[in-house]
Amino acid sequence: MPIAKLTTDERKKLVEPLKNNEWELVDGRDAIKKKFKFNDFNEAFGFMTRIALQADKVDHHPEWFNVSVGAKRSQTNSSLRLNSILNLQVYNNVEITLATHECQGLSVRDVDLANFIDSIYKRQ
Ligand code: HBI
């Protein structure tokens, strides 16, 4: 059975609660995204590992970036150097986008994975 895009009613019931929990709709695409923050890379990667194991189990995969909060392109070289000296450039942020390629939009698989992700996230 091919997977179906969520209906309007399903979006009200299933996506609205996620939006109240910091998930956002992605511009120009039927997908949801959320940023997660951790104390350090170790915690961020531990979180990603648990999601990766679940993704493998349910055969549904996130699009994600593991980024550093202090390493923006707009920063000057000297402030990037300072970050590295002070060890502030830790890859402690994870940005996750969920969508279902098969139906080219949001499906119940994204809702399930988002709820799993929220259930293991320990807010800093
Ligand atoms: N992950 N996000 C996402 N969307 C999919 O449609 C998807 C997936 N992981 C695996 C998967 N589909 C497989 O079912 C197909 O690639 C065969």
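Residues numbered from 1 in each chain as written. Predicted model: local features only at pLDDT ≥ 70, side-chain atom pairs only at ≥ 80, totals over all residues. Heavy atoms only, no water.

## Remarks on the confidence of the model for the chain
Phase 1: Of the residues in the chain, 85% reach a pLDDT of 70 or more, and the chain-wide mean stands at 90.
Phase 2: Two summary scores accompany this predicted model of the complex, namely pTM at 0.86 and ipTM at 0.89. (pLDDT = per-residue confidence, 0-100.)

## Focus: the site of the ligand
Phase 1: If you check the shell around the ligand, you find Asp-59, His-60, His-61, Ala-99, Thr-100, His-101 and Glu-102 and nothing else.
Phase 2: Between the ligand and His-61, the relevant distance is 2.8 Å, taken from a nitrogen atom to a side-chain nitrogen or oxygen of the residue.
Phase 3: Protein contact buries 65% of the 390 Å² of open area that the ligand shows by itself.
Phase 4: Grouping the amino acids of the shell around the ligand by side-chain chemistry returns 1 nonpolar, 4 polar and 2 charged. (Near = heavy atom within 4 Å. Polar contact = N/O pair within 3.5 Å; in protein donor to acceptor, adjacent residues only side chain to side chain. Areas by Shrake-Rupley, 256 points an atom, 1.4 Å probe, with all protein chains shown as cover. Nonpolar A, V, L, I, M, F, W, Y, C, P; charged D, E, K, R; others polar.)

## Points about the side chain of Asp-110
Phase 1: Tracing the backbone through its elements, the reader meets Asp-110 in helix α4 (residues 108-120).
Phase 2: Although Asp-110 lies buried, it forms no salt bridge, and the closest oppositely charged side chain, Arg-109, sits 8.0 Å away as judged by the N-O distance.
Phase 3: A polar atom in the side chain of Asp-110 sits 2.7 Å from the side chain of His-60.
Phase 4: Look past the residues within four positions of Asp-110 in its chain and what remains in contact with it is His-60, Leu-98, Ala-99, Thr-100 and Gly-105. (Helix = DSSP H or I, 4+ residues; strand = E, 2+ residues; numbered from the N terminus. Buried < 20%, exposed > 50% of the residue type's maximum accessible area, 1.4 Å probe, protein only. Lys, Arg positive; Asp, Glu negative; His and termini not counted. Salt bridge = Lys/Arg side-chain N within 4 Å of Asp/Glu carboxyl O. Contact = heavy atoms within 4.5 Å.)

## Observations regarding the nonpolar core
Phase 1: Trp-23, Phe-36, Phe-47, Ile-96 and Ile-117 are the most contacted members of the largest nonpolar core, which totals 21 residues.
Phase 2: Those elements that place two or more of their residues in this core are α1 (8-19), β2 (32-37), α2 (41-58), β4 (93-98) and α4.
Phase 3: With 5 residues, α4 is the largest single contributor of residues to this core.
Phase 4: Residues within four places of Phe-47 in sequence aside, it is in contact with Phe-36, Phe-38, Val-94, Ile-96, Ile-117, Ile-120 and Tyr-121. (Core = buried A, V, L, I, M, F, W, Y, C linked by side-chain atoms within 4.5 Å.)

## Some details on the environment of Leu-18
Phase 1: With respect to the secondary-structure elements, Leu-18 resides in helix α1.
Phase 2: Separated by 75 residues in the primary sequence, Leu-18 and Asn-93 have C-alpha atoms spaced 19 Å apart.

## Looking at the sheet that holds strand β3 (residues 63-67)
One key point about sheets: their strands pair by backbone hydrogen bonds, in either a parallel or an antiparallel sense.
Phase 1: Reading across from one edge, β1-β2-β4-β3 is the order of the 4 strands in this open sheet, with antiparallel pairing throughout. Each end of this open sheet is capped by a strand with a single partner; those strands are β1 (24-25) and β3.
Phase 2: As judged from the 5 bridges shared by β3 and β4, these two strands associate in the antiparallel manner. Along β4, the bridge assignment pairs Phe-65 with Glu-95.
Phase 3: Of the strands in this sheet, β2, β3 and β4 touch α2, which is tilted by about 165° from β3. (Pairing = 2+ DSSP bridges. Axes fitted to C-alpha atoms, helices over the stretch in contact; angles between N-to-C directions.)

## Observations concerning the packing of aromatic side chains
Phase 1: Throughout the structure, instances matching the rule amount to 7 aromatic pairs.
Phase 2: Seen from their ring centres, Phe-36 and Phe-47 are 5.0 Å apart, and the 45° between their planes marks the pair as tilted. Separated by 11 residues along the polypeptide, Phe-36 in strand β2 and Phe-47 in helix α2 bring together distant segments of the chain. For the residue pair Phe-36 and Phe-47, the accessibility class agrees, reading buried in each case.
Phase 3: Members of the aromatic cluster, connected to one another through ring pairs, are Trp-23, Phe-36, Phe-38, Phe-47 and Tyr-121. (Phe/Tyr/Trp six-rings, centres within 6.5 Å; stacked < 30°, edge-to-face > 60°.)

## A few points about α2
Phase 1: For α2, built from 18 residues, the straight-helix expectation of 26 Å at 1.5 Å per residue is met to within 8% by its first-to-last C-alpha distance of 25 Å.
Phase 2: Here α2 has its buried residues at Ala-44, Phe-47, Met-48, Ile-51, Gln-54 and Ala-55. Seen end-on, α2 carries its buried residues on one side only, within an arc spanning 125°. Residues of α2 that are exposed and point over 90 degrees away from its buried face: Asn-42, Leu-53, Asp-56 and Lys-57.
Phase 3: Buried residues belonging to α2 abut β2, β3, β4 and α4. (Expected span 1.5 Å × (residues − 1). Arc of directions from axis to C-beta.)

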